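Single-letter residue listing:
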Amino acid sequence: MSQVNAVNVEISVLLGRSILPMQQLLRMGRGAVIPLDAKTNDEVWILANNHPIARGEIQISDDRIAIQVTRAADVYDYMAGGT
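Reading the values: the criteria
- Residues numbered from 1 in each chain as written.
- Predicted model: local features only at pLDDT ≥ 70, side-chain atom pairs only at ≥ 80, totals over all residues.
- Heavy atoms only, no water.
- Helix = DSSP H or I, 4+ residues; strand = E, 2+ residues; numbered from the N terminus.
- Rg over C-alpha atoms; globule rule 2.2 N^0.38 Å.
- Buried < 20%, exposed > 50% of the residue type's maximum accessible area, 1.4 Å probe, protein only.
- Contact = heavy atoms within 4.5 Å.
- Lys, Arg positive; Asp, Glu negative; His and termini not counted.
- Charge placed at Lys NZ, Arg CZ, Asp CG, Glu CD.
- Phe/Tyr/Trp six-rings, centres within 6.5 Å; stacked < 30°, edge-to-face > 60°.
- Lys NZ or Arg CZ within 6 Å of the ring centre and 35° of its normal.
- UniProt positions renumbered as here; feature names shortened; annotations may be inferred.
- Pairing = 2+ DSSP bridges.
- Axes fitted to C-alpha atoms, helices over the stretch in contact; angles between N-to-C directions.

Draft legend 1. Up close: the overall build of the protein. A tally of regular secondary structure across the protein gives three helices and four strands. Relative to the compact-globule value of 12 Å for 83 residues, the protein shows a C-alpha radius of gyration of 16 Å, a clear excess of over 25%. Expressed as lengths along the three principal axes of its C-alpha atoms, the size of the protein is roughly 50 × 30 × 25 Å. Relative to its full complement of 83 residues, the protein shows a buried share of 13%. Within the protein, counting contacts between residues at least 6 apart in sequence, those at least 24 apart form 36% of the total. The averaged location of the 9 negative side-chain charges in the protein is 8 Å from the averaged location of its 7 positive side-chain charges.

Draft legend 2. Just the packing of aromatic side chains, in detail. Considering all chains together, one arrives at one aromatic pair under this definition. One Lys or Arg, Arg17, reaches over the ring of Tyr78 and ends 4.6 Å from the middle of that ring.

Draft legend 3. Geometry of the UniProt feature "domain: Flagellar motor switch protein FliN-like C-terminal" (unreviewed entry) in the protein. Summarizing the sequence annotation, UniProt attributes the feature "domain: Flagellar motor switch protein FliN-like C-terminal" (unreviewed entry) to residues 3-72 in the numbering used throughout. Overall, residues 3-72 shows 13% helix and 41% strand. The separation of its end C-alpha atoms is 25 Å.

Draft legend 4. Representation of the sheet that holds strand E3 (residues 51-61) within the structure. With antiparallel pairing, the four strands of this open sheet are ordered in space as E1-E2-E3-E4. A strand with exactly one partner marks an edge of an open sheet, and here the two such strands are strand E1 (11-14) and strand E4 (64-72). Each strand of the sheet is rotated relative to its neighbour by a mean of 40 degrees, with strand direction disregarded. Examined bridge by bridge, strand E2 (residues 44-48) and E3 share five bridges and lie antiparallel to one another. Bridging from a neighbouring strand, Ala48 pairs with His51 of E3.

Draft legend 5. Spotlight on the environment of Asn50. In this structure, Asn50 sits in the loop between E2 and E3. Asn50 gets classed as exposed once you look at its relative accessible area, which sits at 57%. For Asn50 and Val9, which are 41 residues apart along the polypeptide, the C-alpha to C-alpha distance reads 9.8 Å.

Draft legend 6. Quick peek at the environment of Tyr78. Along the chain, Tyr78 turns up in helix H3 (residues 75-80). Using a relative accessible area of 15% as the deciding quantity, one classes Tyr78 as buried. Placed 26 residues apart in sequence, Tyr78 and Pro52 show a C-alpha to C-alpha distance of 7.1 Å. Those residues in contact with Tyr78, other than ones at most four positions away along the chain, are Leu14, Arg17, Trp45, Leu47 and Pro52.

Below you can see the structure in the form of structure tokens.
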């Protein structure tokens, strides 16, 4: 069990997605805004080593941001770009 405890897992949070033409992407510079398909109250995806494991909600307290896990991830929704 000690070997399992020594394994590091990268956790990342996906706020939303966007599809842009390459031409628009190449013209972007400092201050560019990329529109996402997410709304303010949408759940975010929680990924472990780039694999969806859960959904969550953004929590803001003072100047700290955290994610509260709300449910297990549906991998098929993730692959389809679902919410």
